[in-house]
Amino acid sequence: MTNIKNDLILRTLRGEATERTPVWMMRQAGRYLPEYIQLREKYSFFERCQNPELACVITLQPVDIIGVDAAILFSDILVVPQAMGLEVQLVEKLGPLLPQPIQSGKDLQRVRVPDVAETLGYVFDAIKLIKKELNGRVPLIGFAGAPWTLLCYMVQGKGSKTFDEAKAFCYQQPETAHALLQMITDTTIAYLKGQVAAGADTLQLFDSWGGLLGKQDFETFSLQYIRQIVAALKELVPVIVFAKGAWGSLSEMAATGAAGLGIDWCIEPEMARKLAGNNVTLQGNFDPAKLLAPVSQIEKEAKAMLKAFGKERHIANLGHGILPNVPVDHAKAFVNTIKEYSFSNI
C-alpha cells in the first residue's frame with residue numbers, strides 16, 4: 001500500500017492536529033473545468049462514468065489543475081438505482097430521468113439488491129486505476145448517495161426541488177417505502193465496502209435532499225438508514241455524512257460514529273459545532289455562489305470562514321457542489337487562500 005504524502009484530510013478526520021486546514025470541493029471533478037467539457041463533448045455521461053480510464057482522467061483533473069488536498073471519484077449517485085435494475089438516463093443540462101419509477105409495492109419486483117462486483121465493477125476498476133495514477137499524492141474519496149436521496153429519484157423519476165411525489169409515497173405507502181430504503185441501504189453498504197477494498201481512503205455519503213424532511217421524518221426515512229451504513233463502514237475508513245439542509249439533526253448525525261459531517265452555508269460554524277460536539281470533524285461551508293464574486297472578495301470570505309471554524313477538526317469545502325459557471329481562477333483562488341492561511345491568524 002502506497003503511503004499518502006498529503007494526508008491532511010485523513011488526519012483531520014481522525015481529530016489529529018494539522019499544520020493547516022485541508023481543502024477540497026464537492027463536484028470538483030467536472031463541469032466548470034474546460035478539460036472536462038472537452039471530454040463531455042466526446043462521451044455521454046455514463047460513458048464517462050463506466051469507462052475506468054475516463055473516470056480516472058476526470059478524477060485527477062482538479063488535483064492537477066486546482067491543487068486540492070483530495071481526489072473524489074468521478075461517478076454519480078444514480079449508478080446505484082441503475083445497478084438495482086432501474087433505467088437511468090442523464091440528459092445534459094436537464095438532469096436525471098428514470099422513465100419507470102417505483103410507484104407501488106408491485107414495482108419492487110423490478111428492483112433487486114445486486115451483486116455489486118457484477119453491476120458496479122467498473123467503479124472498482126476506476127478506483128484501482130485512480131489510486132495507481134495518484135501514486136500517494138493525496139487521498140481518494142469514494143462516495144454514494146444516501147438511501148433517502150436515492151428513493152427520491154427512484155420514486156419521482158426525475159429531479160425536483162420539493163420531491164412531493166416521493167414524500168407522498170413515503171406517507172401513503174410506508175411499508176413499501178421502508179422495504180425500498182432497506183434494499184438501497186443493503187446495496188449501498190456492499191457498494192461502499194467494494195470501494196474501500198478497491199482503495200478508497202475515505203467515504204462520503206450524500207443526502208442531498210435530507211433537508212426536505214422535518215426532524216422526525218429525517219430520522220424515520222433517512223437517518224436510521226444512514227446509521228446502518230456508517231456502522232458498517234466506520235471501522236474500515238473514516239465516513240463523512242453530508243445531509244444538506246438537515247443541520248437540525250447534526251447532534252444525531254454525530255452520534256452515528258461518522259468521522260465528519262458536511263454542512264451548508266445556512267448554518268453558522270459556531271452553531272454547527274455546538275450541535276455536533278467536539279468529537280467530529282466539520283466540513284464546509286462556503287456558499288458556491290460566492291465563487292462568482294471578485295477574487296479579492298473570495299479571499300476575504302474564505303479567510304473569514306477559516307477564522308469562524310477555528311484550528312481544529314475542519315475541512316474547508318463548499319456548502320454544496322461547485323457551479324458550472326465558476327471561473328477556474330476563482331476556484332484556484334479559494335483553494336490557494338485556504339492552503340496559504342496560517343493558523344497563527346486564528
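Data block above holds the structure.
Worth saying up front: this structure is predicted, and the values here are computed from it rather than measured.

J.: Describe in detail the overall build of the chain, supporting the description with residues and values.
T.: When helices and strands are counted, the chain shows 15 helices and nine strands. Relative to its length of 346 residues, the chain is compact, with a C-alpha radius of gyration of 19 Å against a globular reference of 20 Å. Projected onto the principal axes, the alpha-carbon positions of the chain cover approximately 60 × 45 × 40 Å. Counting only residues that meet the buried cut, the chain has 58% of its 346 residues in that class. When contacts within the chain are restricted to residue pairs at least 6 apart in sequence, those whose partners lie at least 24 apart make up 73%. In the structure as shown, the chain presents an accessible area of about 14,200 Å², 50% of it carried by carbon and sulfur atoms.

J.: Mind laying out the pattern of salt bridges, listing which residues take part and the relevant values?
T.: Overall, the coordinates contain 10 salt bridges when judged by the stated rule. A salt bridge links Arg137 to Asp64, with the nearest nitrogen and oxygen atoms 2.8 Å apart. One end of the pair, Arg137, is in the loop between α7 (121-134) and β4 (140-145); the other, Asp64, is in helix α4 (residues 52-65), with 73 residues separating them in the sequence. Look at Arg137 and you get partly exposed, because its relative accessible area is 33%. The closest approach of N and O atoms between Glu301 and Lys290, which form a salt bridge, is 3.0 Å. Of this pair, Glu301 sits in helix α14 (residues 295-309) while Lys290 sits in the loop between β8 (281-286) and α14, and the two are 11 residues apart along the sequence. According to the relative accessible area criterion, Lys290 is partly exposed, its value standing at 34%. Connected through shared salt-bridge partners, Asp7, Arg11 and Glu19 make up one network.

J.: Could you give an account of helix α8 (residues 147-156), naming the residues involved and the relevant values?
T.: Counting along an α-helix, one turn takes 3.6 residues, and residues three or four places apart therefore face a common direction. Most of α8 is tucked away, with 10 of its 10 residues classed as buried. Taken residue by residue, α8 has Pro147, Trp148, Thr149, Leu150, Leu151, Cys152, Tyr153, Met154, Val155 and Gln156 as its buried positions. Two residues or fewer past α8, Gly157 is found with a positive phi of approximately 85°.

J.: Could you give an account of the packing of aromatic side chains, with specific residues and numbers?
T.: Enumeration over the complete set of coordinates arrives at 10 aromatic pairs. When the centroid spacing of 5.1 Å and the interplanar angle of 55° are considered together, the rings of Phe163 and Trp209 count as tilted. Taken together, the positions of Phe163 in the loop between α8 and α9 (164-172) and Trp209 in the loop between β5 (202-207) and α11 (215-233) put the pair 46 residues apart, joining distant regions of the chain. Judged by relative accessible area, which is 0%, Phe163 ranks as buried. Assessed through its relative accessible area of 22%, Trp209 is described here as partly exposed. Taken together, the ring pairs in this structure connect Tyr36, Phe45, Phe46 and Phe74 into an aromatic cluster.

J.: Could you give me a rundown of the sheet that holds strand β7 (residues 260-262), with the residues and numbers involved?
T.: Read from one edge to the other, the open sheet built from seven strands follows the order β1-β4-β5-β6-β7-β8-β9, with strand pairing classed as parallel. At either margin of the open sheet sits one strand with a lone partner, and together these are β1 (71-72) and β9 (314-318). Two strands pair when backbone bridges link them, and strand β6 (residues 239-243) and β7 are joined in this way by three bridges, in the parallel orientation. Bridge pairing in β7 places Val241 opposite Leu261.

J.: Residue-level account of empty space enclosed by the protein, with values.
T.: Applying the stated rule across the entire model yields one cavity of 30 Å³ or more. Estimates place the volume of the largest cavity at around 40 Å³. Forming the boundary of the largest cavity are Ala243, Lys244, Gly245, Ala246, Trp247, Leu250, Met253, Gly262, Ile263, Asp264 and Ile267. Its residues assigned to classes, the lining of the largest cavity shows seven nonpolar, two polar and two charged.

J.: Give a description of α7 that names residues and reports values.
T.: For α7, spanning 14 residues, the distance from its first C-alpha to its last is 20 Å, which sits close to the expected 20 Å at 1.5 Å a residue. Taken together, the buried positions of α7 are occupied by Gly121, Tyr122, Val123, Phe124, Ala126, Ile127, Ile130 and Leu134.

J.: Quick rundown of the pairing of β6? Include the residues and the values.
T.: Sheet faces and side chains relate simply in a regular strand, where the side chains alternate between the two faces. Extensive coverage of β6 is indicated by the burial of five of its five residues. Across the two faces of β6 the burial is the same, with Val239, Val241 and Ala243 and Ile240 and Phe242 all buried. Across five bridges, β5 lies against β6 in parallel orientation. Bridge assignment links Leu203 to a residue of β6, and that residue is Val239.

J.: Could you give me a rundown of the layout of surface pockets, with the residues and numbers involved?
T.: Where empty space is left in the structure can be found by rolling a water-sized probe over the atoms. If you add up the space inside the largest pocket, you get close to 1,300 Å³. Lining the largest pocket are 40 residues, with Arg27, Arg31, Asp76, Leu90 and Pro96 positioned closest to its centre. A class-by-class count of the residues in the lining of the largest pocket yields 20 nonpolar, 11 polar and nine charged. The calculated volume of the second largest pocket comes to roughly 220 Å³. In terms of lining, the second largest pocket is formed by 13 residues, of which the most central are Leu10, Arg14, Asp201, Val237 and Pro238. Of the residues that constitute the lining of the second largest pocket, the class distribution is nine nonpolar, one polar and three charged.

So, how was this worked out
- Residues numbered from 1 in each chain as written.
- Predicted model: local features only at pLDDT ≥ 70, side-chain atom pairs only at ≥ 80, totals over all residues.
- Heavy atoms only, no water.
- Helix = DSSP H or I, 4+ residues; strand = E, 2+ residues; numbered from the N terminus.
- Rg over C-alpha atoms; globule rule 2.2 N^0.38 Å.
- Buried < 20%, exposed > 50% of the residue type's maximum accessible area, 1.4 Å probe, protein only.
- Contact = heavy atoms within 4.5 Å.
- Areas by Shrake-Rupley, 256 points an atom, 1.4 Å probe, with all protein chains shown as cover.
- Salt bridge = Lys/Arg side-chain N within 4 Å of Asp/Glu carboxyl O.
- Phe/Tyr/Trp six-rings, centres within 6.5 Å; stacked < 30°, edge-to-face > 60°.
- Pairing = 2+ DSSP bridges.
- 1 Å grid on protein atoms, 1.4 Å probe; cavity = no way out; pocket = protein on both sides within 12 Å on 5 of 7 lines; lining within 4 Å.
- Points joined across faces, edges and corners; volume = space filled by probe spheres on them.
- Nonpolar A, V, L, I, M, F, W, Y, C, P; charged D, E, K, R; others polar.
- Expected span 1.5 Å × (residues − 1).

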